[in-house]
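Listed below, chain by chain, are the residues.
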Amino acid sequence: MKLSLSKANIFTLIFILFVLGVCAQNNIGTPHIKNFSPKEFNAHSQNYSIIQDYNGRMFFGNFGLLEYNGSSWKKIKTKLNSPINSLAIDSTGKIFV
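Before going into details, it helps to say that this report is about the structure given with it. Note that the coordinates shown come from a computational prediction; the quantities given were computed from them, not determined experimentally.

1. Regarding the overall build of the protein chain
For the protein chain, the count of helices and strands is two helices and six strands. Reading the helices (α) and strands (β) of the protein chain from amino to carboxyl end gives α-α-β-β-β-β-β-β. For the protein chain, the residues scored as buried account for 16% of the 97 residues in total. Of the contacts made within the protein chain by residues no fewer than 6 positions apart, 28% connect residues no fewer than 24 positions apart. About 8000 Å² of surface is accessible on the protein chain, with carbon and sulfur atoms providing 59% of the total.

2. Things to note about the pairing of strand S4 (residues 73-76)
In terms of strand pairing, strand S3 (residues 64-68) meets S4 through four bridges, oriented antiparallel. Across the sheet, the residue bridging to Glu 67 is Lys 74, located in S4. Taking the residues between adjacent antiparallel strands as the criterion, S3 and S4 are bridged by four residues, where Gly 70 takes a positive phi near 105°.

3. Focus: the sheet that holds S3
Strand order across the open sheet formed by four strands is S1-S2-S3-S4, with antiparallel pairing between neighbours. Edge positions in the sheet fall to strand S1 (49-52) and S4, since each of these pairs with one other strand and no more. Across the sheet, the axes of successive neighbouring strands diverge by a mean angle of 20°, strand direction being ignored. Sheet topology note: the S1/strand S2 (residues 58-62) ladder contains four bridges and is antiparallel. Across the sheet, Ser 49 pairs through a bridge with Gly 61, a residue of S2.

4. Here's the deal with the pattern of salt bridges
Inspection of the entire model under this criterion finds three salt bridges. Among the salt bridges present, the one from Glu 40 reaches Lys 34, with a minimum N-O distance of 3.4 Å. Measuring nitrogen to oxygen at the nearest pair gives 2.6 Å for the salt bridge that ties Asp 53 to Arg 57. Connected through shared salt-bridge partners, Asp 53, Arg 57 and Glu 67 make up one network.

5. Description of unusual backbone geometry
Here Asn 42, not a glycine, exhibits a phi torsion of approximately 55°, which is positive. Within the secondary structure, Asn 42 sits in the loop between helix H2 (38-41) and S1. For Asn 42, a relative accessible area of 59% corresponds to the exposed category.

6. Quick notes on the side chain of Asn 62
Positionally, Asn 62 belongs in strand S2. According to the relative accessible area criterion, Asn 62 is buried, its value standing at 0%. A polar contact of 3.2 Å, which involves the side chain of Asn 62, links it to the backbone oxygen of Gln 46. Only 2.7 Å separates the side chain of Asn 62 from the side chain of Asn 47, close enough to count as a polar contact. Apart from residues lying up to four places away in sequence, Asn 62 is in contact with Phe 41, Ala 43, His 44, Gln 46, Asn 47, Tyr 48, Ser 82, Pro 83 and Ile 84.

Reading the values: the criteria
- Residues numbered from 1 in each chain as written.
- Predicted model: local features only at pLDDT ≥ 70, side-chain atom pairs only at ≥ 80, totals over all residues.
- Heavy atoms only, no water.
- Helix = DSSP H or I, 4+ residues; strand = E, 2+ residues; numbered from the N terminus.
- Buried < 20%, exposed > 50% of the residue type's maximum accessible area, 1.4 Å probe, protein only.
- Contact = heavy atoms within 4.5 Å.
- Areas by Shrake-Rupley, 256 points an atom, 1.4 Å probe, with all protein chains shown as cover.
- Pairing = 2+ DSSP bridges.
- Axes fitted to C-alpha atoms, helices over the stretch in contact; angles between N-to-C directions.
- Salt bridge = Lys/Arg side-chain N within 4 Å of Asp/Glu carboxyl O.
- Polar contact = N/O pair within 3.5 Å; in protein donor to acceptor, adjacent residues only side chain to side chain.

Below, the structure written as structure tokens:
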């Protein structure tokens, strides 16, 4: 049995493969991930601990405490300016360093 492909059939095949390839590139269902450089949060590059409060704000133990509210960073300095290795939160929302 001889298989003959015309120019129209080849074009259709390439078009279908192209469309399938483009459709496979969608990001539906994948989480949006944003990486921040130390210049963006103005602190050391290593974070030692992470916690989220009940309002959705994120806190990072660094050389000081970093607070991220979803759009901006705030650096909270500690008395000793030492690394914060551990964070905890109680039922009232109080954060322990």
